[in-house]
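Okay, here's what each chain looks like letter by letter:
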Amino acid sequence: MSRIAVVGELLIDLISSSFVRDLGEATSFERFFAGSPGNLAVNLHDLGVDATLLSRVGDDSFGRAYLKHLASRGINISYVQRDAEAHTSIVFVSKSQSSPQFIAFRGADCFLEEPVDIVSFLKDVEFIHFTSWPFSCEQSRLACMKLVRKALEAGIKITFDPNYRRVLWDREDDGSEFIKEFLKYAFIVKPSEDDALHIFGTGDPHEYIDKFHNAGASNVVLTLGHKGSVISDGHKTETVFPCARRVVDTTGAGDAFWSGILYGLLQGKDIFESAAYGNYCAAFRIEHEGKDVILPSIDALKAIFEAGDDL
């Protein structure tokens, strides 16, 4: 049975309890289990996909709580490493009606190591998914590049979330140039418009898509918020418009979109139909405030959003 491997950061988000214009104005925070890879693994499991998660947390209260949370959602945590010295990485985030501010206190996620048995980790894997976070620190970058090489040798396709922000990278590293170089390995990338801006500078959506393709990415899904998404396989381009009927909370929508895409690809669908699945999953998350609500099946989501029925 084909599997998907997910590699990257597990984080504790501390999000301000109230809306603030500046993070420094926040006086209280709520804790959330975060990091795109954790969210993605849970979403894929909800959709019936066998997903293996490679990450690293501190051997501390936050790390143990996160592992307990993942196990309660049916995630195999045998490849989540525990760091005896570095703390679980924490991000303070402002609750905002525009782009939130954040301050990251990096810890264990920077010290990710490759699995002891890479062959077993990659067994039956059809797609291996990376975020840009583990490439932003030297040790985890080396581990990930070793995985990339082994995956490509085994015929495994690379999927990549280029969620690049300069502030997360070591000062001496040119993160945007690394991302551009890495794109040649990517079977599919799903940047937001903000991601594209941080990597390539100013441009319009079609210019961004061309730049991702020219750098080597085979398939591109460019998300544009309330304007939808533009999907390109390098030969044709389609636009998918949001199908959410109400906006309750956009948190986690991007990770849900990825889960639908990967589910579709694993079922042998092309990038366009897979992106439609992603759109359904994202809409479900947008319409629900509780991010632990289990994703329905793709067939159920398709029926909900195509028929316009309420859940």
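Refer to the structure presented above.
Parameters at a glance
- Residues numbered from 1 in each chain as written.
- Predicted model: local features only at pLDDT ≥ 70, side-chain atom pairs only at ≥ 80, totals over all residues.
- Heavy atoms only, no water.
- Helix = DSSP H or I, 4+ residues; strand = E, 2+ residues; numbered from the N terminus.
- Rg over C-alpha atoms; globule rule 2.2 N^0.38 Å.
- Buried < 20%, exposed > 50% of the residue type's maximum accessible area, 1.4 Å probe, protein only.
- Contact = heavy atoms within 4.5 Å.
- Areas by Shrake-Rupley, 256 points an atom, 1.4 Å probe, with all protein chains shown as cover.
- Lys, Arg positive; Asp, Glu negative; His and termini not counted.
- Charge placed at Lys NZ, Arg CZ, Asp CG, Glu CD.
- Core = buried A, V, L, I, M, F, W, Y, C linked by side-chain atoms within 4.5 Å.
- Disulfide = S-S within 2.5 Å.
- Pairing = 2+ DSSP bridges.
- Axes fitted to C-alpha atoms, helices over the stretch in contact; angles between N-to-C directions.
- Parallel < 35°, antiparallel > 145°, perpendicular 65-115°, else oblique.
- Left-handed = near helix turned anticlockwise from the far one by under 90°.

Student: What am I meant to see in the overall build of the chain here?
Tutor: Counting secondary structure elements, the chain contains ten helices and 13 strands. In terms of overall dimensions, the chain is globule-like: its C-alpha atoms have a radius of gyration of 18 Å, near the 19 Å expected for 311 residues. With respect to the three principal axes, the spread of C-alpha positions in the chain is 50 × 50 × 40 Å. For the chain, the proportion of its 311 residues judged to be buried stands at 53%. Look at the contacts in the chain between residues 6 or more apart in sequence, and 68% of them connect residues 24 or more apart. In the structure as shown, the chain presents an accessible area of about 14,000 Å², 49% of it carried by carbon and sulfur atoms. Looking at the chain, you have 31 positive and 45 negative side-chain charges, and the mean spots of the two groups are 2 Å apart.

Student: Explain the nonpolar core to me, please; I cannot follow it from the model alone.
Tutor: Most often, soluble globular proteins have nonpolar side chains that are buried together. Of all hydrophobic cores here, the largest spans 50 residues; its most connected members are Ile4, Leu44, Leu53, Ile261, Leu262 and Phe305. The set of elements that each furnish at least two residues to this core consists of strand 1 (3-7), strand 2 (11-19), helix 1 (36-46), strand 4 (51-58), helix 2 (61-72), helix 8 (253-266), helix 9 (271-286) and helix 10 (298-307). Among the elements that take part in this core, helix 9 stands out by supplying ten residues, more than any other. In contact with leucine 53, not counting residues within four places along its chain, are Val6, Leu10, Pro37, Gly38, Ala41, Leu70, Ile75, Asn76, Tyr79 and Val80. If you look at the next biggest cluster of nonpolar residues, it comprises 44 residues, including Leu112, Phe130, Phe200 and Phe212.

Student: What's the story with the state of the cysteines in this structure? I'm lost.
Tutor: Two cysteines form a disulfide when their sulfur atoms are joined by a covalent bond. In this structure the tally under the stated criterion is one disulfide. The disulfide partner of cysteine 110 is cysteine 137, and the S-S distance across this bridge is 2.5 Å. Of this pair, cysteine 110 sits in the loop between strand 7 (102-105) and helix 3 (118-122) while cysteine 137 sits in the loop between strand 8 (125-131) and helix 4 (138-153); the two residues are 27 residues apart in sequence, bridging distant segments of the chain. Each member of the pair cysteine 110 and cysteine 137 is classed as buried. Not engaged in a disulfide, the cysteine cysteine 144 finds its nearest cysteine sulfur in cysteine 137; these two sulfurs lie 10 Å apart. No disulfide involves cysteine 243; its sulfur sits 9.4 Å from that of cysteine 281, the nearest cysteine.

Student: Looking at this structure, how should I read the pairing of strand 13 (residues 237-240)?
Tutor: Successive side chains on a regular strand alternate, one facing one side of the sheet and the next facing the other. Pairing between strand 12 (residues 229-232) and strand 13: four bridges, direction antiparallel. Across the sheet, residue valine 230 finds its bridge partner in strand 13, namely threonine 239. Between strand 12 and the antiparallel strand that follows it, strand 13, lie four residues; glycine 234 among them carries a positive phi value of about 90°.

Student: Would you mind going over the packing of helix 6 (residues 193-200) against helix 7 (residues 205-214) with me for this structure?
Tutor: Packed helix pairs are characterised by how far apart their axes lie and by the angle those axes make with each other. Remark: helix 6 packs on helix 7, axes separated minimally by 11 Å, with the N-to-C direction vectors making an angle of 60°. As far as their axial angle goes, helix 7 and helix 6 are oblique. Once helix 6 is placed against helix 7, the crossing between them reads as left-handed. Facing Glu193, Ala196, Leu197, Ile199 and Phe200 of helix 6, the residues of helix 7 in contact are Pro205, Tyr208, Lys211 and Phe212.

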